[in-house]
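As a plain string of letters, each chain reads:
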Amino acid sequence: MELVLTEWASALLRWLHVVAAMAWIGSSFYFIHLDLSLHARSGLPDGVKGEAWQVHGGGFYHIVKYLVAPARMPDELTWFKWEAYATWLSGFGLLVVVYYLGADLFLIDKAVLDLTVPQAAGLAFGTLVVAWLGYEGVCRSPLGKHEVALALVGFVFLVALTWGFTHVFSGRGALTQIGALVGTIMVANVFLIIIPFQKKTVATLIEGRAPDPYWGEIGKQRSVHNNYLTLPVVFLMLSNHYPLVFATKYNWLMVAIVLLIGPVIRHFYNTRHAGKGSPWWTWAVAAAGVAAIVWLSTAGPRETSRGALPAAPRFAEVGDVVISRCSMCHAAEPVWAGIGHAPKDLRLDDPETIRRHARLIELQAVRSHAMPPGNVTEMTLDERALLAAWLAAGAKGE
């Protein structure tokens, strides 16, 4: 029953996380587009920055934006916040269920650092808090008033953290951790900065006083940060499905490139929506970045056996390696604690299924070290070289 409940908790939290993230990203991108596409004209009410006309769902919408707030506050005011909160809460729940409770499989790699489950989970959670405090401190420092300098420092900060995580956690855990960290920063911006200062503005206006312009400035700053971080964090949260990203030698450098590609793509849309033209060069930069990531992924895992591949092995040797290192999970009846059925219904417990899934074995255990997860079964480099020799010979042999 514990296994069933854990599986359903993971499934439902993942579903909620995706739905909430869709709502949050959708509303965020819409309002960024709306804000940039507003047009000023004569005859607008006092304090209005601009207006926009839009058509959707068979009807027309006329939208105006006040620089601070209208002279009289409306009786009903919609706040956009729960999309962000639900995204983080469901994501953190998923992090606990999958990565903290299953740290021995997904967070720890003893070849990287020999950690216990409590140590790995504690480090992962602690760095979320410490990194957010560091980000907040830099934003509130004098550097926070210089957008370009702040962006450069932030980029170096995130890349350095990623590199550090790859030397503490498994590749899968490291990239998930940096994604969770960026997501935490984004939600903290909403929860601790944007919404509280908006509420202060509303309360001040109701009292008949002029709000402090700083409240709007800092809210705008954090909103811009969230806008440019959205695409990288989506990539990072999906990266755990792609071993050539998380389980290869230059995974931290791939993250650095993604942290550049995402803002470049957002720059294209932000510029276009603002009516300042279409900077098509951004797509060339993004394509070059993707090409660089693909090339880096061919470098293979961090640790590889030295020298030429051994002679093509007999299939019996290959079968012994796969069955001894992989079939405790990938079998009709898995024996690994917490695994109720073969992951992705992929079995590697007999010669036929091993041959059938040769390409997946190459991807997961040779070109990357994604499997076994965290190398929990301690597959050696010599065993991986033997698999590579078998694959190079056409995955044949008797």
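Described below are features of the structure shown in this document. Source: prediction; values computed, not measured.

A word on the packing of helix α4 (residues 117-140) against helix α5 (residues 147-165)
When two helices pack together, their arrangement is given by the angle between their axes and by how far apart the axes lie.
Okay, step 1: Packing of α4 against α5 leaves a shortest axis separation of 11 Å and a crossing angle of 165°. As the angle between them shows, α4 and α5 are arranged roughly antiparallel. The handedness of the crossing between α4 and α5 is right-handed. In contact with Thr127, Ala131, Tyr135, Val138 and Cys139 of α4, α5 contributes Leu150, Val153, Phe157, Leu161 and Phe165.
Okay, step 2: Of the residues contributing to the contact of α4 with α5, the split by class is 9 nonpolar, 1 polar and no charged.

Topic: the nonpolar core
Okay, step 1: By size, the foremost hydrophobic cluster in this structure holds 58 residues, and its most contacted members are Tyr100, Leu107, Leu158, Leu181 and Val190.
Okay, step 2: Tallying contributions element by element places helix α6 (residues 171-206) first for this core, with 13 residues.

Looking at the side chain of Ser327
Okay, step 1: Along the chain, Ser327 turns up in the loop between α11 (315-325) and α12 (351-356).
Okay, step 2: Ser327 sits in the buried class, given a relative accessible area of 13%.
Okay, step 3: Apart from residues lying up to four places away in sequence, Ser327 is in contact with Val322, Leu348 and Asp349.

Remarks on helix α10 (residues 281-297)
Okay, step 1: The end-to-end C-alpha distance of α10 is 25 Å, a good match for the 24 Å that 17 residues give at a rise of 1.5 Å each.
Okay, step 2: Along α10, the residues that are buried comprise Thr282, Ala286, Gly289, Ile293, Leu296 and Ser297. One side of α10 holds all its buried residues, which, seen down the axis, span an arc of 100°. The exposed set on the far side of α10, more than 90 degrees from its buried face, consists of Trp281, Ala284 and Trp295.

Thoughts on the pattern of salt bridges
Okay, step 1: Applying the stated rule across the entire model yields 12 salt bridges.
Okay, step 2: When the shortest N-O distance is used, the salt bridge between Arg356 and Glu352 registers 3.0 Å. Of this pair, Arg356 and Glu352 both sit in helix α12, 4 residues apart, which is roughly one turn of the helix. We note that Arg356, like Glu352, is exposed.
Okay, step 3: Among the charged side chains, a salt-bridge network with shared partners connects Asp35, Lys49, Lys65 and Lys220.

Side note on the environment of Ile339
Okay, step 1: By the element assignment, Ile339 lies in the loop between α11 and α12.
Okay, step 2: Considered as a pair, Ile339 and Gly277 are 62 residues apart in the sequence and their alpha carbons are 53 Å apart.

Conventions used here
Throughout this document, residue positions are counted from 1 along each chain, in the order its sequence is written. In view of the model being predicted, local features appear only for residues whose pLDDT reaches at least 70, and side-chain atom pairs are presented and counted only at 80 or more, with totals across whole chains, interfaces and linings using the full set of residues. Excluding hydrogens and water, the side-chain values take into account all heavy atoms of the structure. Structural elements are reduced to axes, namely lines fitted to C-alpha atoms, with helices fitted over the stretch in contact, and the angle between N-to-C directions of any two is expressed from 0 to 180 degrees. The way it works is that DSSP assigns letters per residue, a run of H or I at least four long becomes a helix, a run of E at least two long becomes a strand, and they are numbered from the N terminus. Roughly parallel means an angle under 35 degrees; roughly antiparallel means over 145; roughly perpendicular covers 65 to 115; every other angle is labelled oblique. Take the far helix as your reference; a near helix turned counterclockwise from it by less than a right angle gives a left-handed crossing, and one turned clockwise gives a right-handed crossing. The contact rule is simple, with two residues in contact once any of their heavy atoms fall within 4.5 Å. Side-chain classes are defined by residue name, with Ala, Val, Leu, Ile, Met, Phe, Trp, Tyr, Cys and Pro counting as nonpolar, Asp, Glu, Lys and Arg as charged, and the others, Gly among them, as polar. Grouping buried Ala, Val, Leu, Ile, Met, Phe, Trp, Tyr and Cys residues that are joined through side-chain atoms within 4.5 Å yields what is termed a nonpolar core. In this scheme, a residue with accessible area under 20% of its type's maximum is buried, one over 50% is exposed, and one in between is partly exposed, where area comes from a 1.4 Å probe on protein chains only. A helix is expected to span 1.5 Å multiplied by its residue count minus one. By arc we mean the arc of the directions from the helix axis to the C-beta atoms, nothing more. Salt bridges are counted wherever a side-chain nitrogen of Lys or Arg sits within 4 Å of a carboxyl oxygen of Asp or Glu.

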